[in-house]
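Chain residues, written in single-letter form:
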Amino acid sequence: MNAYIPIASRSICSGLMFVLVLSGLGSFAWAEDGGVSQLNAGDTAWVLMSSALVLAMIIPGLALFYGGMVRSKNVLSTMMHSFIAVCLVSVVWVFWGYSLAFAPDVGGVVGGLKWLGLTGVGLEPLEGSTIPHLAFMVFQLMFAAITVALISGAIAERMKFSAFALFGVLWVTFVYAPLAHWVWGGGWLAELGDLDFAGGTVVHISSGVAALACALVLGKRHGYGTDNMSPHNLPFTVIGASLLWIGWFGFNAGSALAANGVAASAFVATHVATAAGALAWVGVEGLYRGRPTVLGAASGAVAGLVSITPAAGYVGPIAAIVIGLGGGVVCYLGVFLKHKLGYDDALDVLGIHGIGGTWGAVATGLFASMGGGTGLFFGNPMQVVIQVVGAGATWVFSFVGTFLILKLVDGTIGLRVSREDEVLGCDLTQHRERAYG
Amino acid sequence: MKLIQAIIKPFKLDEVKDALIELGIQGMTVTEVKGFGRQKGHKETYRGTEYQIEFVPKIKLEIALADERVGEALEAISRAAKTGSIGDGKIFVSELHSVIRIRTGESGEGAV
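Worth saying up front: this structure is predicted, and the values here are computed from it rather than measured.

J.: Explain the interface of chain B and chain A to me, using residue names and the numbers behind them.
T.: Taken together, the eight residues of chain B in the interface contact 19 residues of chain A. For the pairing of chain B and chain A, the buried interface totals around 1000 Å² over both sides, and the portion due to carbon and sulfur atoms is 55%. When the buried surface of chain B facing chain A is broken down by residue, Tyr46(B), Arg47(B) and Tyr51(B) rank first, second and third, together holding 70% of it. Applying the counting criterion to the chain B and chain A interface returns two salt bridges. Between Asp348(A) and Arg47(B) there is a salt bridge, with the nearest N and O atoms lying 3.1 Å from each other.

Given below as structure tokens:
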């Protein structure tokens, strides 16, 4: 009937063949029996929805949050970091990232190669799960993507685009995947009893500490401390922070991996901790500076979100408010570290995600009271020790891993744009585009 | 002929414009400008980082006038633009050698 349909289907067929060969021919096969009855429609719907919510945290959420905070000559390149992180990590995750993080354990430190190319990752649920394995895989994919995108705040306005792309691929492979395995994939921290409900350690400490390594290795932006580097579009940043808040319900409540009471509890904890974080930041700011700022409210909300992330499913609303308030204060102080220590973490990734994530990890050890977690205040002092071990191990591993990757990229293609390009702006020099007329 | 350049606070533009129109003044050019005088700038704070903003936004108003009308125009601008606080702006008056109306080719005071 229509002449071009056969041609199109032929190319789709050859594309499919290619994918099937790479994935070891059989990744989407149904299990013969049993599994189907475990599937729960509500749980599946919620996790798929949550995966999309986490994507919305990155694009447009984080892209806007970060994009608004840079100067107008770098807004496109900054938004591109988040966008390309999603694209790169998504492909890496399918081919090897998911397997390294979640395939059956090898020595407690990394997943094996059994699920390369998603071989054997299909429509059936994993043992003990009520959602298709693919749904779990794609949910985790979004977490990996946002972690890489978060780091980009530290290197904004001065890193070569090609260098960021290569760095992202290496980082998700050699830092993120093992870390995710340690905590969620049956690795040694999971064995130890580390509590990280939705990624305070795996996502936030790891990206925050990686950001510190990036800031140290890349060096300061040209003109840092003398030029005006104030945000060029704070409305972007406020919209971005608001989208992060909305998307974070997928991140935290979705981490229940089921549409159940734990999800509802994590949802509530997330919401009230965020509100408390914003109030705390604005309050401290008003006290010390005389003016509550809009950027402070947005930053405090994100600080609250980060802080509650590891605890979301383990605490009630009152503890969540305390954790959020603490997060707002701790992160407010966290962003001052860079002035004291003299590094240029451009958009305060360490100050908010690293410090907030660490506070959250410790706070989980203090306040956990439900969902299988018991903290210090509920009679289990050991939990705090385990949380500190988990956070400390993540600090060391992420810092060293990131440092080595940066040195490798610097030694091969170079990390930083030339000084002239930096002054002209990364939008023009990295992408040959301008954001505004 | 004289060229009047008045630097005023942006929120005073409407009052100044109305006062000048009341005098029967036919046209003016308005530009958004930045600068500082004794007012200096202001401070902005982003996540605790302070920036001293040296140049403050102002409006520059330019009017060309016949010599005999300058006095009342200066009086009107001063009255309308005044708040009494620092940063109200300045008025510069300079000699204007020639004016040409492009449409008709008229020149001199008839073209003002």
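J.: Got a sec to walk through the layout of surface pockets? Specific residues and values, please.
T.: All names here are of chain A. Within this model, the largest pocket holds a volume of roughly 530 Å³. If you trace the largest pocket, you find 23 residues lining it, with Phe136, Gln140, Trp184, Ser255 and Leu257 closest to the centre. If you list the elements that add at least two residues to the lining of the largest pocket, you get helix H4 (133-155) and helix H5 (161-184). Ranked by residues supplied to the lining of the largest pocket, first place goes to H4 with five residues. Of the residues belonging to the lining of the largest pocket, the class tally is 14 nonpolar, seven polar and two charged.

J.: Would you mind going over the pattern of salt bridges in detail, with residue names and values included?
T.: All names here are of chain A. The final tally for this structure, using the stated rule, is 16 salt bridges over all chains. Among the salt bridges present, the one from Asp344 reaches Arg221, with a minimum N-O distance of 2.8 Å. Highlighted residues: Asp344 in the loop between helix H12 (337-341) and helix H13 (349-367) and Arg221 in the loop between helix H7 (200-218) and helix H8 (234-252), separated in sequence by 123 residues. Each of the two residues, Asp344 as well as Arg221, counts as buried.

J.: Could you give an account of the confidence of the model for chain A, with specific residues and numbers?
T.: Averaged over every residue, the pLDDT of chain A is 92; residues scoring 70 or more account for 92%. Below pLDDT 50 for its whole length, residues 1-36 of chain A participates in 22 contacts with residues either more than four positions away or in separate chains.

J.: Explain the pairing of strand E1 (residues 2-8) of chain B residue by residue, including any values.
T.: All names here are of chain B. The two faces of E1 differ: Lys2, Ile4, Ala6 and Ile8 on one face are buried, but Leu3, Gln5 and Ile7 on the other face are not. One ladder, built from seven bridges, connects E1 with strand E6 (residues 89-95); its direction is antiparallel. The residue bridging Ala6 from the neighbouring strand is Ile91, located in E6.

J.: Explain the nonpolar core to me, using residue names and the numbers behind them.
T.: All names here are of chain A. Counting residues in hydrophobic clusters, the biggest one holds 104 residues, and the most contacted among them are Phe65, Trp93, Tyr98, Met159, Trp171, Tyr176 and Phe251. The greatest single-element share of this core, amounting to 16 residues, is contributed by H4. Leaving out residues up to four positions away in the same chain, Trp171 has contacts with Thr147, Val148, Ile151, Tyr176, Ser206, Ser207, Ala210, Ser398, Thr402 and Ile405.

J.: An account of the packing of aromatic side chains is requested, with residue identities and associated values reported.
T.: Residues and elements named next belong to chain A. For the coordinates displayed, the defined rule picks out 23 aromatic pairs over all chains. With 6.5 Å between their ring centres and 40 degrees between their planes, Trp171 and Tyr176 make a pair best called tilted. According to the relative accessible area criterion, Trp171 is buried, its value standing at 0%. Linked through ring pairs, Trp93, Tyr98, Phe102, Trp115, Phe136, Trp171 and Tyr176 together constitute an aromatic cluster.

J.: Describe the sheet that holds strand E2 (residues 29-35) of chain B, with residues and values.
T.: Paired through their backbone hydrogen bonds, the strands of a sheet run either parallel or antiparallel. Residues and elements named next belong to chain B. Across the sheet, which stays open at both edges, the four strands sit in the order E2-E5-E1-E6 with antiparallel pairing between neighbours. Each edge of the open sheet carries a strand with a single partner, namely E2 and E6. Neighbour-to-neighbour, the strand axes of this sheet turn through a mean angle of 20 degrees, independent of strand direction. Packing of helix H1 (residues 13-22) onto the sheet brings it into contact with E1, E2 and strand E5 (56-65), and relative to E5 it is tilted by some 10 degrees.

J.: So what's going on with the packing of helix H10 (residues 294-308) of chain A against helix H11 (residues 317-334) of chain A? Residues and values would help.
T.: Residue and element names in this part refer to chain A. Contact geometry of H10 with H11 gives a least axis separation of 8 Å together with a crossing angle of 125 degrees. Viewed along their axes, H10 and H11 adopt a mutual orientation that is oblique. Note on packing geometry: the crossing formed by H10 with H11 is right-handed. Together, Ala303, Gly304, Ser307 and Ile308 of H10 and Ala320, Ile323, Gly324, Gly327, Gly328 and Cys331 of H11 make up the contact between the two elements. Residues that form the contact of H10 with H11 fall into these classes: five nonpolar, five polar and no charged.

Quick notes on the rules
Residues numbered from 1 in each chain as written. Chains lettered and ligands numbered in written order. Predicted model: local features only at pLDDT ≥ 70, side-chain atom pairs only at ≥ 80, totals over all residues. Heavy atoms only, no water. Contact = heavy atoms within 4.5 Å. Buried area = accessible area lost by both parts, 1.4 Å probe. Salt bridge = Lys/Arg side-chain N within 4 Å of Asp/Glu carboxyl O. 1 Å grid on protein atoms, 1.4 Å probe; cavity = no way out; pocket = protein on both sides within 12 Å on 5 of 7 lines; lining within 4 Å. Points joined across faces, edges and corners; volume = space filled by probe spheres on them. Helix = DSSP H or I, 4+ residues; strand = E, 2+ residues; numbered from the N terminus. Nonpolar A, V, L, I, M, F, W, Y, C, P; charged D, E, K, R; others polar. Buried < 20%, exposed > 50% of the residue type's maximum accessible area, 1.4 Å probe, protein only. pLDDT = per-residue confidence, 0-100. Pairing = 2+ DSSP bridges. Core = buried A, V, L, I, M, F, W, Y, C linked by side-chain atoms within 4.5 Å. Phe/Tyr/Trp six-rings, centres within 6.5 Å; stacked < 30°, edge-to-face > 60°. Axes fitted to C-alpha atoms, helices over the stretch in contact; angles between N-to-C directions. Parallel < 35°, antiparallel > 145°, perpendicular 65-115°, else oblique. Left-handed = near helix turned anticlockwise from the far one by under 90°.

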